[in-house]
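Spelled out from the first residue to the last, the chains are:
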Amino acid sequence: MARLAVYSSHPARLRSLFAEFMHAHHHHLDHVHHGHGDSCSASKPAPKQLRALKIALVLVTCFSGAELWVSAHSNSLSLLADAGHMATDVFAIALALWAASQVDRDDSERRNALAALVNGGVLLLLSSWLSWEAITALLSPPTDILSLPVAITAAVGLGVNGLNAYLLHAHADENLNLRAAFLHMLADAGSCLGVLIGALLIAQFGWYWADGVVSGAIALLIATTALPLVRQSWASLNQLSTMPE
Ligand SMILES: [Zn+2]
């Protein structure tokens, strides 16, 4: 029950904070993407936003840590995949905080683009490793997966992500940043739904291969978010290096 305590003490607010972070994060990227100008000073986050980022960092760290713990005790690769994704969300928030601390520097745009490139690179590495593990799991499905703790964890994650995606949906048309945050929440909810379905198939039919299938799907999902991030930040870095100072 300890794991449930961790989740229940993790309020829906976490995801709203995270959405705020995604907003800030993408805002930086947009600035990098569209070149510089006087408007750059506007990208400096307010103290309130910084505080939200720090709280989000702590909460998401706890969330992914709990997920990791459950995945290790249930031998579920799909839950480990989701925990890995959450860990990269932690990494992204930490990078956003770092980028915010660098915003007064002359080369802050370059640093932001570099941070985004590193983030995308880490996501690609995670995706590759998970794909490999998923194939291994599919070739010889492990039969020691404890489906109940996996299902409970995934259901909690689905509830929190789904609620936040729903809340963000109303604002998804307002601007690109909110839309990006909404899509991210939707993808996170989709991952949890996949893990939940896999756990139910194992519990009901003993289909242990479902865990490998879901893990592969999450690996693909991570790759589809990583590739545009790498491409955009790479383009921004090239653009910045050809621009006169
Ligand atoms: Zn995420």
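Residues numbered from 1 in each chain as written. Predicted model: local features only at pLDDT ≥ 70, side-chain atom pairs only at ≥ 80, totals over all residues.

Running from N to C, helix 4 (residues 77–101) and helix 7 (residues 176–205) cross one another at 165°; their axes reach a closest spacing of 9 Å. Considered as vectors, helix 4 and helix 7 are oriented roughly antiparallel to each other. Two packed elements cross with a definite hand, and for helix 4 against helix 7 that hand is left-handed. Residues Ser 78, Leu 79, Asp 82 and His 85 of helix 4 form the contact with helix 7, whose own contacting residues are Ser 191, Cys 192, Gly 194, Val 195 and Gly 198. For the contact of helix 4 with helix 7, the per-class residue count stands at 3 nonpolar, 5 polar and 1 charged. (Axes fitted to C-alpha atoms, helices over the stretch in contact; angles between N-to-C directions. Helix = DSSP H or I, 4+ residues; strand = E, 2+ residues; numbered from the N terminus. Parallel < 35°, antiparallel > 145°, perpendicular 65-115°, else oblique. Left-handed = near helix turned anticlockwise from the far one by under 90°. Contact = placed C-beta atoms within 7 Å. Nonpolar A, V, L, I, M, F, W, Y, C, P; charged D, E, K, R; others polar.)

Glancing now at the environment of Val 230. Structurally, Val 230 can be placed in helix 8 (residues 209–242). As a C-alpha pair, Val 230 and Leu 124 span 106 residues in sequence and 8.9 Å in three-dimensional space. In this view, Val 230 contacts Leu 117, Gly 120, Gly 121 and Leu 124; residues no more than four positions away in its chain are not counted.

Right, let's talk about the packing of helix 3 (residues 47–74) against helix 6 (residues 147–169) for a bit. Running from N to C, helix 3 and helix 6 point in directions that differ by 160°, and their axes come no closer than 9 Å. In terms of axis orientation, helix 3 runs roughly antiparallel to helix 6. Between helix 3 and helix 6 lies a crossing whose hand is left-handed. Where helix 3 approaches helix 6, its residues Glu 67, Val 70, His 73 and Ser 74 are matched on the opposing element by Pro 149, Val 150 and Thr 153. Broken down by class, the residue content of the contact of helix 3 with helix 6 amounts to 3 nonpolar, 3 polar and 1 charged.

A word on the nonpolar core. The biggest cluster of nonpolar side chains holds 52 residues, and the ones touching the most others in it are Ala 154 and Val 195. Broken down by secondary-structure element, the contributors of at least two residues to this core are helix 3, helix 4, helix 5 (108–139), helix 6, helix 7 and helix 8. When residues in this core are grouped by element, the largest group, 12 residues, is from helix 4. Sequence-distant contacts of Val 195, defined by excluding residues within four places in its chain, comprise Ser 78, Leu 79, Asp 82, Val 150, Ala 154 and Val 214. (Core = buried A, V, L, I, M, F, W, Y, C linked by C-beta atoms within 7 Å. Buried ≥ 20, exposed ≤ 12 C-beta atoms within 10 Å, placed from the backbone.)

Our focus in this paragraph is the confidence of the model for the protein. For the protein, mean pLDDT is 79; residues scoring 70 or higher make up 80% of the total. Predicted confidence in the protein is weakest over helix 1 (residues 2–8), with a mean pLDDT of 33, and strongest over helix 8, with 91. Counting contacts from residues 1–15, a segment whose pLDDT is below 50, to residues more than four positions away or on other chains yields 22 contacts. Scored below 50 in pLDDT, residues 23–42 makes 30 contacts in the model with residues more than four places away or belonging to other chains. (pLDDT = per-residue confidence, 0-100.)

Moving on, we get to helix 4. Helix length check: helix 4, at 25 residues, gives a terminal C-alpha distance of 36 Å against a target of 36 Å (1.5 Å per residue), a fit within 8%. Extensive coverage of helix 4 is indicated by the burial of 18 of its 25 residues. (Expected span 1.5 Å × (residues − 1).)

Helical geometry: 3.6 residues make up each α-helical turn, so side chains three or four residues apart lie on a common side. Here helix 3 is 28 residues long and its end C-alpha atoms lie 40 Å apart, about the 40 Å a rise of 1.5 Å per residue gives. Positive phi shows up at Asn 75, right after helix 3, with a value of about 55°.

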